[in-house]
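Residues per chain, in single letters:
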Amino acid sequence: MMNLTLQLSLQCAPLHVSVKSSTSTSTSTATRSWSCYASLSIPQPSNVNVLNGTPLSSDRKEIRLGLPSKGRMSNDTLELLKNCQLSVKQSNPRQYVAEIPQLSNLEVWFQRPKDIVRKLLSGDLDLGIVGLDTLSEYGQGNGDLIIVHEALEYGDCRLSLAIPQYGIFENINSLEELAKMPQWTENKPLRVATGFTYLGPKFMRENGLKHVTFSTADGALEAAPAMGIADAILDLVSSGTTLRENNLKEIEGGTVLESQAVLVASRKSMVQRKGVLETTHEILERLEAHLRAIGQFTVHRIIILHASESSVWCRFHCIC
Ligand SMILES: Nc1ncnc2c1ncn2[C@@H]1O[C@H](COP(=O)(O)OP(=O)(O)OP(=O)(O)O)[C@@H](O)[C@H]1O
Ligand SMILES: O=P(O)(O)OC[C@H]1O[C@H](OP(=O)(O)OP(=O)(O)O)[C@H](O)[C@@H]1O
């Protein structure tokens, strides 16, 4: 038994977290596990649908889960849900609404990942599965977005700064060295091409790079340095092949975030919309059971939620 002080690192507004229980550690293997219970104090909803002065955008009765409509995340998301006995039933692939028979009163809406985040914020979705990169870029730290499960074990990639392997960058191998290059001035800033126009400038600011400008494009960013459009790029990397094929390299300290698929919920929906908390709980339990069954104990944090009228109880289970 040991006391824990927990900093809740969810993407949500600062919440009061009081840890109630204990930890257990196993020294027989390289893994350690702990679990604890925490109470998230959430302001008591009044008798109208208002949280922190913001009403729910609609009084619909159905619970809505947003899933990626196409692209890399789409098939793996459906596969994961199927493996959790939550198969999505879609009458035809061009129809964007579907259901999961095991979850009553739940509508699945297929959307582009960035639109899932936008619609969680607007209140048009209650739950969603997206990459952490997309959540961070389009959620912009909004306190209404709660990462309910942060490690769904697919969609792995990282958002990284990359520079050419050649020319003035040949001997530059870290962000610190890049920042110290005398070339970057107010009149001639470091030019970065990225689709991450929120996270990019934030990362540069936080790392003290003052003279930076950004340009954006929808894809094939790795071409920008060779085309003379940019000095560096900030983009997703998984195998690293695209960078290598374009004579680019990552640098020490240049990783903005490590990403994989996450389950996100609107905090407002969980507190105010009937059934959202219970459905979230149900999905989480199935995810946990599935990941445990396949031995995926790389899950870092699972949060199981219980609602009382004014608070949400969370169980954290961490194996690291
Ligand atoms: N190598 C990779 N490149 C890009 N995304 C990756 C990669 N590996 C995993 N991902 C995940 O897949 C997501 C991209 O999904 P998808 O291909 O559907 O693009 P998208 O979000 O619809 O973007 P776009 O609208 O630009 O096509 C990323 O947000 C990331 O979480
Ligand atoms: O490290 P790797 O495994 O090579 O993957 C990284 C590449 O994959 C993505 O591009 P995508 O294939 O989606 O095409 P895009 O550049 O047109 O967006 C990403 O934007 C990188 O370019």
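Cut-offs and rules
Residues numbered from 1 in each chain as written. Chains lettered and ligands numbered in written order. Predicted model: local features only at pLDDT ≥ 70, side-chain atom pairs only at ≥ 80, totals over all residues. Heavy atoms only, no water. Domains from an automatic or database assignment. Contact = heavy atoms within 4.5 Å. Buried area = accessible area lost by both parts, 1.4 Å probe. Salt bridge = Lys/Arg side-chain N within 4 Å of Asp/Glu carboxyl O. Polar contact = N/O pair within 3.5 Å; in protein donor to acceptor, adjacent residues only side chain to side chain. Nonpolar A, V, L, I, M, F, W, Y, C, P; charged D, E, K, R; others polar. Near = heavy atom within 4 Å. Areas by Shrake-Rupley, 256 points an atom, 1.4 Å probe, with all protein chains shown as cover. Helix = DSSP H or I, 4+ residues; strand = E, 2+ residues; numbered from the N terminus. Buried < 20%, exposed > 50% of the residue type's maximum accessible area, 1.4 Å probe, protein only. Arc of directions from axis to C-beta. Pairing = 2+ DSSP bridges. Axes fitted to C-alpha atoms, helices over the stretch in contact; angles between N-to-C directions. Phe/Tyr/Trp six-rings, centres within 6.5 Å; stacked < 30°, edge-to-face > 60°.

Some points on the domain arrangement of the chain
Part 1 of the argument: Looking at the chain, the domain boundaries give domain 1 (59-156 + 260-305) and domain 2 (157-258).
Part 2 of the argument: Here the C-alpha centre of domain 2 lies 31 Å away from the C-alpha centre of domain 1.
Part 3 of the argument: The interface is formed by nine residues belonging to domain 1 together with 10 residues belonging to domain 2.
Part 4 of the argument: Taken as a group, D133, E137 and D156 account for 59% of the area that domain 1 buries against domain 2, more than any other trio of residues on that side.
Part 5 of the argument: In this structure, the connection of domain 1 to domain 2 is made through zero salt bridges.
Part 6 of the argument: Here domain 1 is connected to domain 2 by four residue pairs in polar contact (both at pLDDT 80 or more).
Part 7 of the argument: Split by residue class, the side of domain 1 that touches domain 2 holds one nonpolar, five polar and three charged.

A few points about the site of ligand 1
Part 1 of the argument: Residues in contact with ligand 1 amount to 15 residues; listed here are only the nearest, K70, R112, D133, T134 and S238.
Part 2 of the argument: Separating an oxygen atom of ligand 1 from a side-chain N or O atom of R112 is a distance of 2.7 Å.
Part 3 of the argument: Contacts to ligand 1 include D133, whose side-chain N or O atom sits 2.6 Å from an oxygen atom.
Part 4 of the argument: For ligand 1, whose unbound accessible area comes to 620 Å², protein coverage reaches 75%.
Part 5 of the argument: At the level of elements, α1 (72-83), α2 (113-122) and α3 (132-139) are the ones that each hand at least two residues to the shell around ligand 1.
Part 6 of the argument: The class makeup of the residues in the shell around ligand 1 is four nonpolar, five polar and six charged.

Comments concerning the site of ligand 2
Part 1 of the argument: Contacts to ligand 2 come from R72, G219, A220, E222, D235, L236, V237, S238, S239, G240, T241 and T242.
Part 2 of the argument: Taken together, the elements giving at least two residues each to the shell around ligand 2 come down to β13 (232-237) and α7 (241-245).
Part 3 of the argument: The biggest single contributor to the shell around ligand 2 is β13, with three residues.
Part 4 of the argument: For the shell around ligand 2, the per-class residue count stands at three nonpolar, six polar and three charged.

A look at unusual backbone geometry
Part 1 of the argument: Although it is not a glycine, N105 adopts a positive phi angle of roughly 65 degrees.
Part 2 of the argument: You can call N105 partly exposed: its relative accessible area is 41%.
Part 3 of the argument: With a phi close to 50 degrees, A220 is a non-glycine residue in the positive phi region.
Part 4 of the argument: Structurally, the position occupied by A220 is in the loop between β12 (212-215) and α6 (224-227).

Structural notes on α2
Part 1 of the argument: P113, I116, V117 and L120 are the residues of α2 that are buried. Projected down its long axis, α2 shows its buried positions confined to an angular sector of 95 degrees, all on one face.
Part 2 of the argument: Once α2 ends, the next one or two residues include G123, with phi positive near 90 degrees.

Comments concerning the sheet that holds strand β10 (residues 157-164)
Part 1 of the argument: Spatial strand order, β12-β11-β13-β10-β14: five strands in an open sheet with mixed pairing. Looking at strand neighbours, the two that pair on one side only are β12 and β14 (248-259), the edges of this open sheet. Recorded for the sheet is a direction-independent mean angle of 25 degrees between the axes of neighbouring strands.
Part 2 of the argument: Strand direction decides the pairing type here: strand β11 (residues 190-194) and β13, joined by three bridges, are parallel. By the bridge assignment, T194 is partnered in β13 with L234.
Part 3 of the argument: Across the face of the sheet, helix α5 (residues 199-206) comes into contact with β10, β11, β12, β13 and β14 while running at roughly 110 degrees to β14.

Quick notes on the packing of aromatic side chains
Part 1 of the argument: The full count for this structure, using the stated rule, is one aromatic pair.
Part 2 of the argument: Plain terms: the ring middles of F169 and W184 are 6.1 Å apart, the flat faces sit at 20 degrees to each other, and that makes the pair stacked. Of this pair, F169 sits in the loop between β10 and α4 (175-180) while W184 sits in the loop between α4 and β11, placing them 15 residues apart in sequence.
Part 3 of the argument: According to the relative accessible area criterion, F169 is buried, its value standing at 5%.

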